[in-house]
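Chains, contacts and geometry: an overview
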Amino acid sequence: MNSQKLENQREEKIDVNKRRRFLQKAGVVAPIILTFNSPTAFGANGLCLSQQLSGNQSRTVVGNCQAGLYSPSSLAPSQTNSSASGLSPLNQQASNFPSIGEYNQDTVFNSVFHSSMNTHSFGSILAESLESRESVYITAFMNAQASSSYILTSKQVIDLYDNPSNRPAGYVSDTAFLLSTFPQ
């Protein structure tokens, strides 16, 4: 009986040692697998518009592009402070909307987006609706003005407004593409 117990213990030890060796080998391979470069889940991260439009997502050369600094809600007037500050909504817009070069909350929409008939100011459009196509384009335009590493240039934003079908593949609309370029 003792010999049978000894035999079983040896077999268990051998099985345990085999398992340990397997896990040690796997432990060496795991860090190598985890270091393989793969595209981001969002796809647009780091790729400039020209790379996205050409379909060049091979990542052999990653663009020097970044998401924008602003989202529509960060440019819009704050609704919580209006009664406390005593400012009208129009005056309050100045507290959130940046002034970049000649562009600010008073810039008239169709002075930038010439194909539009909208004669309202950037600030009043954002105060009216954050989800409107114009609000999204104002935000993209101000992001392009604020940073040379934004995914789009100012001209590309204006051209996309004029020709929304020129958006990168994989987006259901021009505004869906632009929203993907804003900070989350």
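I will try to describe carefully the structure that is included in this document. Since the model is a prediction, treat every value here as computed from it, not as a measurement.

The final tally for this structure, using the stated rule, is 11 aromatic pairs. Relative to Phe141, the ring of Tyr103 lies with its centre 4.9 Å away and its plane at 85 degrees, an arrangement referred to as edge-to-face. Residue Tyr103 is located in the loop between α5 (89–92) and α6 (109–112), and its partner Phe141 is located in helix α8 (residues 133–146); the two are separated by 38 residues in the primary sequence. With respect to burial, Tyr103 and Phe141 carry one shared label: buried.

Time to look at helix α9 (residues 154–162). Among the residues making up α9, those that are buried are Ser154, Val157, Ile158, Leu160 and Tyr161. Down the axis of α9, the buried set is contained in an arc of 160 degrees. They therefore lie on one face. Elements that come into contact with the buried residues of α9 comprise α6, α8 and α10 (174–179).

What follows concerns α8. For α8, which comprises 14 residues, the first-to-last C-alpha distance of 20 Å matches the rise-based estimate of 20 Å (1.5 Å per residue) to within 8%. Counting buried positions along α8 yields 10 of 14 residues, so the element is predominantly enclosed. Buried residues of α8: Ser135, Val136, Tyr137, Ile138, Thr139, Ala140, Phe141, Met142, Asn143 and Ala144, and no others. At its buried positions, α8 is contacted by α3 (72–75), α6, α7 (122–128), α9 and α10.

The biggest cluster of nonpolar side chains holds 30 residues, and the ones touching the most others in it are Phe113, Phe122, Ile138, Phe141, Met142, Val157 and Leu178. Of all the secondary-structure elements, those providing two or more residues to this core are α6, α7, α8, α9 and α10. Top element by residues in this core is α8. It accounts for 7 residues. The contact partners of Phe141, leaving out residues within four places of it in the chain, are Tyr103, Val112, Phe113, Phe122, Ser154, Val157 and Ile158.

So, on to the side chain of Asp174. If you trace the backbone, Asp174 turns up in helix α10. Residue Asp174 is classed as buried on the basis of its relative accessible area, which comes to 8%. Side chain to side chain, Asp174 and Tyr137 meet in a polar contact 2.7 Å long. The residues touching Asp174, leaving out its near neighbours within four places in the chain, are Arg133, Tyr137, Leu160, Pro164 and Arg167.

It is worth spelling out the pattern of salt bridges at this point. Counted by the stated rule, this structure contains 2 salt bridges. Across the salt bridge formed by Arg133 and Asp174, the nearest N and O atoms sit 3.0 Å from each other. With a gap of 41 residues between them, Arg133 in helix α8 and Asp174 in helix α10 connect regions that are remote in the sequence. Where Lys155 meets Asp159, a salt bridge forms, and the shortest distance between an N and an O atom there is 2.8 Å. Linking Lys155 with Asp159, this pair stays in helix α9, spanning 4 residues, or about one helical turn. The exposed category is assigned to Lys155, whose relative accessible area is 56%. For Asp159, a relative accessible area of 33% translates into the label partly exposed.

Definitions and limits used
- Residues numbered from 1 in each chain as written.
- Predicted model: local features only at pLDDT ≥ 70, side-chain atom pairs only at ≥ 80, totals over all residues.
- Heavy atoms only, no water.
- Phe/Tyr/Trp six-rings, centres within 6.5 Å; stacked < 30°, edge-to-face > 60°.
- Helix = DSSP H or I, 4+ residues; strand = E, 2+ residues; numbered from the N terminus.
- Buried < 20%, exposed > 50% of the residue type's maximum accessible area, 1.4 Å probe, protein only.
- Arc of directions from axis to C-beta.
- Contact = heavy atoms within 4.5 Å.
- Expected span 1.5 Å × (residues − 1).
- Core = buried A, V, L, I, M, F, W, Y, C linked by side-chain atoms within 4.5 Å.
- Polar contact = N/O pair within 3.5 Å; in protein donor to acceptor, adjacent residues only side chain to side chain.
- Salt bridge = Lys/Arg side-chain N within 4 Å of Asp/Glu carboxyl O.

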